[in-house]
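Structural characterization, general
Spelled out from the first residue to the last, the chains are:
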Amino acid sequence: MRPRTLLLFALVALLGAAAAVSPALATASEPKLEVNQNCVDPNWPCWATPGSNQPAFKTTVAAAGGTVMFVDHGKEANIAWTGTPGTTPTCESEVPVAPASTKTGWEGKCTFATPGIYKFESSTLFKEAQSAYGNNINYTKYEIVVAGTPVDTTTSASGETQTEAMLNGSINPEGNTVEYHFEYGSGSVTEHTTSPSTLSAADFTSHSVSAPVTGLQPGMTYHFQLVATYGGNAVAGATTLMFKTNTVAAPTATTLPAEVPKETEATLKGTVNLGGEATEYFFEYGTDTNYGQKTTKATLQTSGGSNQGVSAALKGLTPGTEYHFRLVAENHQGSKKGVDSSFKTASPTAKEPTPTLTPTPTPTSTPTPTPGPISPEPEIVPLVSPLVEGSEKLTAPRHGSVVGGSVEVSQSGAGGRLEVDLIANSASLAKVRHKKPAPAVVGRLVRTSLSAGKVSFSVSLNAKAKSALRRHHKLALSVQIVFTPLHGAAVTITRSIVLHA
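Summary of the structure given here.

Right, let's talk about the pairing of strand β24 (residues 279-286) for a bit. Of all 8 residues making up β24, 7 are buried, and the element is well covered by its neighbours. Judged from the 3 bridges that link them, β24 and strand β26 (residues 298-300) form a sheet pairing that is antiparallel. Within β26, the residue paired with E280 across the bridge is T299. Relative to strand β28 (residues 322-331), β24 is paired through 7 bridges, and the arrangement is antiparallel.

Let us look at the side chain of N36. For N36, the position within the fold is in strand β2 (residues 34-36). Engagement of the side chain of N36 in a polar contact is seen with the backbone oxygen of S52, the distance being 2.8 Å.

On to the side chain of E419. Within the secondary structure, E419 sits in strand β33 (residues 417-425). Within the local environment of E419, its side chain forms a polar contact with the side chain of R417, the two groups lying 2.6 Å apart. Filtering out sequence-adjacent residues up to four positions away, E419 remains in contact with R444, L445, V446, Q480, I481 and V482.

With that out of the way, let us pick up the nonpolar core. Grouped together as the largest cluster of nonpolar side chains are 27 residues, with contacts concentrated most on L418, L422, L429, V442, L461 and L477. If you list the elements that add at least two residues to this core, you get β32 (402-409), β33, β34 (439-447), β35 (453-460), α3 (463-472), β36 (474-484) and β37 (491-500). Tallying contributions element by element places β36 first for this core, with 5 residues. Beyond its immediate sequence surroundings of up to four residues, L477 is in contact with V403, L422, I423, A424, V442, L461, R495, S496, I497 and L499. In this structure, C46, A64, V68 and L125 belong to the second largest nonpolar core, which totals 25 residues.

Right, let's get into the state of the cysteines. Counted under the stated rule, the structure contains 2 disulfides. With its sulfur 1.5 Å from that of its partner, C39 forms a disulfide with C46. For the pair formed by C39 and C46, the shared burial category is buried. Through a disulfide, C91 is tied to C110; the S-S separation comes to 2.0 Å. Between C91 and C110, the disulfide has an S-S torsion of 110° and is therefore right-handed. One end of the pair, C91, is in strand β7 (residues 90-91); the other, C110, is in strand β8 (residues 106-111), and 19 residues separate them in sequence. Once the bonded cysteines of the protein chain are numbered in order along the sequence, the disulfide links fall as 1-2, 3-4.

Thresholds, definitions, all that
Residues numbered from 1 in each chain as written. Predicted model: local features only at pLDDT ≥ 70, side-chain atom pairs only at ≥ 80, totals over all residues. Heavy atoms only, no water. Buried < 20%, exposed > 50% of the residue type's maximum accessible area, 1.4 Å probe, protein only. Helix = DSSP H or I, 4+ residues; strand = E, 2+ residues; numbered from the N terminus. Pairing = 2+ DSSP bridges. Polar contact = N/O pair within 3.5 Å; in protein donor to acceptor, adjacent residues only side chain to side chain. Contact = heavy atoms within 4.5 Å. Core = buried A, V, L, I, M, F, W, Y, C linked by side-chain atoms within 4.5 Å. Disulfide = S-S within 2.5 Å.

If you want it as structure tokens, here you go:
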């Protein structure tokens, strides 16, 4: 192997004194690049930072008006600007700009007048379709990002409830890494601040940003604004907007399928929308729709959110018995009852009788058996399920907030009712990871009077779950499918799925 030689290709960005450049950005360190003859392997030239043998495919210049110094000590190279019209810098005559001939031992500078992405190629640098280090290696194409001044806009509030809302805005980072948060309050816009976030896309495209806020007061007008910063500088221009939370209302109650772990026990479940104030809840239950029994009342506080999952444990039930139940929620604005649901406790397991051993006497003579009537074999009646076993299917897009699927309804299930609930762990929805987990319904679909055959469904996440999906980039769900036929017991199927942002 011949001795390695190093060709230097220096890139020195000199920032101009343009009026739009803030003092903090004007003092930023100047980038410098070199062309290294030894990129990965000897005689593989590429543009690189000083002391590095890795290609510097993307280099950022802090502001418009800067200059870049190109130096070539031995490799025949030129510069071909390939960006869109209007993104070509002004270069000195010493720089061999294509289609000028390549040459060695040259240096010169180019000036970048406006922000944008400047792309260039040097066709004499390394490019190989197949090599020992991989295929399609291309060290000929590069770009210089000249940062501008970011633009931020406060756009709207959405998903308002009595105590929650989603604040929205947009940011064009103009080639910078931008941090942002929202400020909001009922008296002053700076009363409260959301947690800071980073917009990592340092490009020249407008991006939507948002942040959920909780713990608001019902029926209250709030002011809010988007606040963005970059390089220690604030982005000016975002306006202050207003939104109003919903007034206090009667609660709503949603009855969910029960869990029946034992012959004499069950756990009743549901969700309560508080309506903006502390709310009591209990379950009614019994062997028919007159119910006749109630669980102990419990109280939900608004600090737990507008929608809260609830449950109650039952013991001492009768095995093999169908029970009806529903959730009831009450506050000062009124009382609401959930729809009737039912479950059946398991029948006791029949035990095989212990056989009694009877001594067989020794016969003195062999009796002739007397033919008797032949007992008919018991008739086996097949059980027909209202859902075709194994027919359920779930689908979800690679990136999205909708769960779809289908089930096959048999002829015996025609006319029945389908309920699909998306259930998430409450800790997955909260910003505080150590919050005690509890189930929470984040999406629901109910369809009645179904026809026999394939039944498709599509269920979307609610606003809080969509926010958690964007925040955590994924959300684990239990999909609970309950089919209640016109006659017979309900069929419950539970599956797991993970959505990705």
